[in-house]
Each structure stands twice: as C-alpha cells, then as structure tokens.
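# Structure at a glance
One letter stands for each residue in the lines below.
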Amino acid sequence: MVTPDTPNGLFIGGHWTIGSGRLFSVDNPADGQVIATVADGDATDAAHAVQAAASAATGWARTSPRRRSEILYTAFEIMLRSRRELAELIVAENGKCGADAGAEVTYAAEYLRWFAEEAVRNDGTYTHAPAGGTRSIVRRQPIGIAALVTPWNFPAAMVTRKVGPALAAGCTVVLKPAAETPLTALSLAKILSEAGLPDGVVNVVPSTDPAVVVSTWLHDPRVRKISFTGSTPVGRLLLHQAADRVVNSSMELGGNAPFIVTRDADLDQAVAGAMIAKFRNSGQACTAANRFYIHQDVAAEFTTRFADRVCGLRVGPACDPDNQIGPLINAEAVSTITNLVDKAVQHGARIAARATCPANSTGYFYPPTVLIDVSADADILGQEIFGPVAPIVTWNDERTLLDHVNNTETGLAAYIYAGDLQHALRLGESVQAGMIGVNRSLISDPAAPFGGIKQSGLGREGGHEGLHDYTEIQYLSVDWP
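No experiment lies behind these values; they were computed from the predicted model shown.

### Looking at the sheet that holds strand β12 (residues 257-261)
Sheet architecture is open: 7 strands sit in the order β14-β15-β16-β13-β12-β18-β19, paired in mixed fashion. For this open sheet the edge positions go to β14 (350-354) and β19 (435-438), each flanked by a neighbour on one side alone. Pairwise comparison of adjacent strand axes, ignoring direction, gives a mean angle of 20 degrees for this sheet. Relative to strand β13 (residues 289-295), β12 runs parallel, the two being bridged by 5 bridges. Residue pairing in the sheet places V261 in a bridge with I294 of β13. Set on the sheet, helix α13 (residues 421-430) makes contact with β12, β18 (413-417) and β19; between it and β19 the angle comes to about 165 degrees.

This is how it looks when you write it as structure tokens:
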C-alpha cells in the first residue's frame, strides 16, 4: 500500500531529492490506476549519485566488517517488522498476489541476514612460498563503487541480493531499480538508512531513461562494478559498454528452464512442483519452468492432473486474498504471450486447460494455460515465455531428450523429477544449466550460488560466491629471509 510516508524521490547522499524535477507515474497492473509519482533521474542525477558514493567509499571500506554486519542485520530485522507494509507495496506496484509478495519480503530479508554473516568471513590466506624466503598474503578487498540494475519481477529480493553482498564487502552502491517498481527499492533504501548505514553508501536513482543513467555510470572511471539482472539482449549491450573500461561485470540474464519428468517419478510430487515452478509470480521469473518434457508413459496422467490444478487456479487482483495468480506487469506482456500461444496453436498445439480471468477487468491478466501436442521444435519452446503458459512435450529416448533440452543459448535453471535419485543426478549432470532442482521446484536460496551458464549470465549471487563477486584479490609478497 502506498502511503504519504512512502518515499518517492531520488535517494542521493542520504537525502531525498527530486533531482532534475521530472516525475513519472507508477501504475498498479491489476487495474491500471496510478498509485504514485516518482522522481525521474537523468544523467546529472546519475553523476551526483556516483559523487555521493565516491565520497562515502573510503570510510565505508574502512568500516570494520563487524560494524557492516551489524547494520545489515539491523536492516534484516526492520524488514521483517515491516513485512506486511512492504508486501502491500509490492502488491500495489507489481501486482503479484499477497502470498507471493509476503514470501518475497521474507526471502529478500534473508539476503541481508546471510550477507551480515558473510561480512565477517571475507577470508584471505597466509602461506609460505614453496621456494622459501617469502611469505604470501592474499586478501580480498572491496572492488569499489558498484552500479546495480534490478528488474521489476522481484522488486525487493533483486535489490537485497545485490546490495547485501556489496555492502558486506565494503563497496558503495548506485542503484537503478526498474521504472515499473521503484517504490520498493526506495523503501529499502529508507530501511538501510534507519539501520545506521552512512550517507552516500547506497544511492537510488529511479528513471524512465535507464540507458542514459547506466551509461553515465559505466563511463565514470570511479565505477568499478556493474551487476545487472534482466534480459539477455540488454545484458549483451551492457557488456559491450563495460568492455570499454574493463568494468567487472555480473550478469543474471534470461532463462528457458526445462521441467523433466521421468517414467518413475512421483506424479503427485511432480505436479505439485510444476504448479510452483511454472505459476509462482504468474510465471514472471527467470527461473520459471518454461517447457515441460514428460515421459510418454506418464504424460497422459501427468497432463490430466496438472490440467485439473491449472483450471482451479483463481486469477485476479490481490485485494481478494483467495486469488492465486495476479496480473502480468503491463499490456505489452499480455500481447506478447497472447501472440506466442496463438502461433503455437496455429502450428498444431492444443489448449488442454485454461483458468478463468476476472470479467470486465482493466488489469493485465492472462489465464494460466496448458498446451499439449507441442512439437519439440516449436517456437514457443525456444524463447522465454515469462508468463503463465505451460507447453508440454512428450519424450521416450533420453539422448534425444537431452539434445532438445540443451539446444538453447541459455542455461539458467532446470527441474528434474525422478523416482531413482541416481538417475536424476545423472540427468542433472548432463543438463546445461547453472542450477538444477532435483525433485523440488524452489531452488533459490541466499546461502547458495544463484546464476547460469552460456548466455544466461556471468558470476553468481548468493552463497559465499555472492560476496566474492564484489571483491578483488590482492597479493602481497613479504620478504622473509
């Protein structure tokens, strides 16, 4: 819920400002109504944010790991106390159902707790040189100012997953949240400030012109890190810009996750997992199951059970707590998915199940849909759907299955449901993806490295690796006669 206390300005140097004076509207995708106006940052504002981060950089890098940890943990506690208000804010600007929003706040807060713990474990090494005569000290130091760019689909978790490790490592931050969902990021900046974060350590610049803001940051010699979550095409463009100055880059990009069910899988477990992997956040997740490969011996039974569950989904705005599926983010998303499904049907696919959307709604709703008779080379299997559509393909030969599963330029996530655990693990080792859920559909965990291979990204977020992505290694060779 947006209240008079919800911040809507730029947050630069610990102060709220309207910057250039421009404003933009934030809409509720459940009904299209304007819920807030927010300061619209430009290149000048972006430069001011870097200056604030640079002014705070030395002091924050020298702040003890214990103190950085305490601030992050305090922010974690404030987030949990503010869980309901933050969830309502996410519902208002993102549209996701209340249960999804509440779960996101808890998940997002866990990144602050995890990296509060990691802040004091930024280990180095002290060793004897094999040849003798010297000692080698290897330490991890903060990489410097980090430019963070976050998407709209998880407006809280994508911020804490980047800000948490950056602050734990001793980096200062300039953050550009998605224009669709800036209010959550601004509220998190307020929470960090309340937790004791010094002015200028985190700076937030919402903008409807992200290319200008991010380009300003990437061309500033003081910015040494870019971390981006979003589409693969945009990630490629940012990598080109980062290459000009050899800026350290982390990219969490698109996905096309396969969901594999073997002939001996527990179908109750597989169907339950499919409902979560596909329809959490209305399918608007980079880790969402995108294409379903069901063994032909169990395909009919799986499809019947899955279709029954899908038809029973309640679609509508989160003001009704019984609704399970919220709107897509905007009208363009609805149009894109409509065209994908229409094209698949024109080429032979059939709609096996479809939920019901609310009548006479002005929101951006699309009915959860199951497609069958989808050919293994259908266009809908080759791109990220990013919505509540589940195309089903049957398989029999495992080698052919793996050829189809791996025939994609992306490799973020995958899901395997099998009765034989060793078989599942062997399959998992043959699937080209950075993360594999084995008989489970929730794979994101603050304590585990999140990220993909191929064109799904570079680097990892979460786990010990998440902290390391914001550090540089320095080696000192000490004379020791």
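### Considering the packing of aromatic side chains
This model, assessed by the stated rule, comprises 10 aromatic pairs. Ring geometry for F11 against W16: centres 4.5 Å apart, planes inclined by 45 degrees, an arrangement best described as tilted. Owing to a relative accessible area of 5%, F11 belongs among the buried residues under this scheme. The exposure class of W16 is partly exposed, given its relative accessible area of 38%.

### Observations regarding helix α8 (residues 232-245)
Relative to the 20 Å expected for 14 residues at 1.5 Å per residue, α8 spans 21 Å between its end C-alpha atoms, a close match to the ideal helical length. Those residues of α8 that sit buried are T232, G235, L238, A242 and R245. Angular distribution of buried residues about the axis of α8 spans 110 degrees; they occupy a single face of the element. Among the exposed residues of α8, those pointing more than 90 degrees away from its buried face are L237, H240, A243 and D244. A positive backbone phi angle near 55 degrees is found at V246, which sits one or two residues after α8.

### Points about the pairing of β12
Each regular strand displays side chains that alternate between the two surfaces of the sheet. Most of β12 is tucked away: 5 of the 5 residues are buried. On β12, burial covers both faces: A257, F259 and V261 on one face and P258 and I260 on the other are all buried. In this fold, β12 hands off to helix α9 (residues 267-279), which returns the chain to β13; that crossover is right-handed. Where β12 lies against β18, 3 bridges are found, and the strand directions are parallel. Residue pairing across strands places V261 opposite Y417, the latter belonging to β18.

### A few points about helix α7 (residues 210-218)
Those residues of α7 that sit buried are V213, V214, W217 and L218. All buried residues of α7 lie within an arc of 130 degrees about the axis, which places them on one face of the element. Looking at the buried residues of α7, the elements they touch are α1 (43-62), β7 (145-149), β8 (173-176), β10 (223-229) and α8.

### Quick notes on the packing of helix α4 (residues 98-118) against helix α5 (residues 157-169)
Direction vectors running N to C along α4 and α5 enclose 5 degrees, while the axes themselves pass 8 Å from each other. The angle between the axes of α4 and α5 places the two elements in the roughly parallel class. In this structure, α4 contributes E104, Y107, A108, Y111, L112 and F115 to the contact, and α5 contributes A157, T160, R161, G164, P165 and A168. Considering only residue class, the contact of α4 with α5 consists of 8 nonpolar, 2 polar and 2 charged.

### Structural notes on the pattern of salt bridges
Under the criterion given, the structure shown has 15 salt bridges. Its salt-bridge partner being E252, residue R161 comes within 3.1 Å of it at the nearest N-O pair. Pair noted here: R161 is in helix α5 and E252 is in strand β11 (residues 248-252), with a separation of 91 residues, a long-range link. Among the salt bridges present, the one from E301 reaches R305, with a minimum N-O distance of 2.4 Å.

### Section: the sheet that holds strand β5 (residues 125-128)
Pairing within the open sheet is antiparallel, and its 3 strands lie in the order β5-β6-β22. Each edge of the open sheet carries a strand with a single partner, namely β5 and β22 (471-479). In this sheet, adjacent strand axes meet at a mean angle of 20 degrees when their direction is disregarded. By the bridge criterion, 9 bridges tie strand β6 (residues 134-142) to β22 in an arrangement that is antiparallel. What sits directly across from V138, in β22, is Y475.

### Examining the state of the cysteines
A full pass over the atoms with the stated rule returns 0 disulfides. The thiol of C97 is not disulfide-bonded; the next cysteine sulfur, from C319, is found 12 Å away. In this structure C97 comes out as buried when scored by relative accessible area, which is 5%. With no disulfide partner, C311 has as its closest neighbouring cysteine sulfur the one in C357, 12 Å distant.

### Quick notes on the nonpolar core
Across soluble globular proteins, nonpolar side chains have a tendency to be buried as a group. One finds M79, V163, L167, V173, L197 and V202 to be the most contacted residues of the largest nonpolar core, which totals 61 residues. In terms of residue count, α4 provides more of this core than any other element does, 10 residues in total. With residues near it in sequence (within four places) discarded, L197 still touches W60, I71, L167, L192 and V202. If you look at the next biggest cluster of nonpolar residues, it comprises 39 residues, including A270, V298, A355 and Y415.

### As for unusual backbone geometry
At D373, a position not held by glycine, the phi torsion is positive, near 60 degrees. Its location among the elements puts D373 in the loop between β15 (369-372) and β16 (389-395). For F386, which is not glycine, the phi dihedral falls at a positive 55 degrees. By secondary structure assignment, the location of F386 is in the loop between β15 and β16.

Conventions and cut-offs
Residues numbered from 1 in each chain as written. Predicted model: local features only at pLDDT ≥ 70, side-chain atom pairs only at ≥ 80, totals over all residues. Heavy atoms only, no water. Pairing = 2+ DSSP bridges. Helix = DSSP H or I, 4+ residues; strand = E, 2+ residues; numbered from the N terminus. Axes fitted to C-alpha atoms, helices over the stretch in contact; angles between N-to-C directions. Contact = heavy atoms within 4.5 Å. Phe/Tyr/Trp six-rings, centres within 6.5 Å; stacked < 30°, edge-to-face > 60°. Buried < 20%, exposed > 50% of the residue type's maximum accessible area, 1.4 Å probe, protein only. Expected span 1.5 Å × (residues − 1). Arc of directions from axis to C-beta. Right-handed = clockwise from strand over helix to strand, strands pointing away. Parallel < 35°, antiparallel > 145°, perpendicular 65-115°, else oblique. Nonpolar A, V, L, I, M, F, W, Y, C, P; charged D, E, K, R; others polar. Salt bridge = Lys/Arg side-chain N within 4 Å of Asp/Glu carboxyl O. Disulfide = S-S within 2.5 Å. Core = buried A, V, L, I, M, F, W, Y, C linked by side-chain atoms within 4.5 Å.

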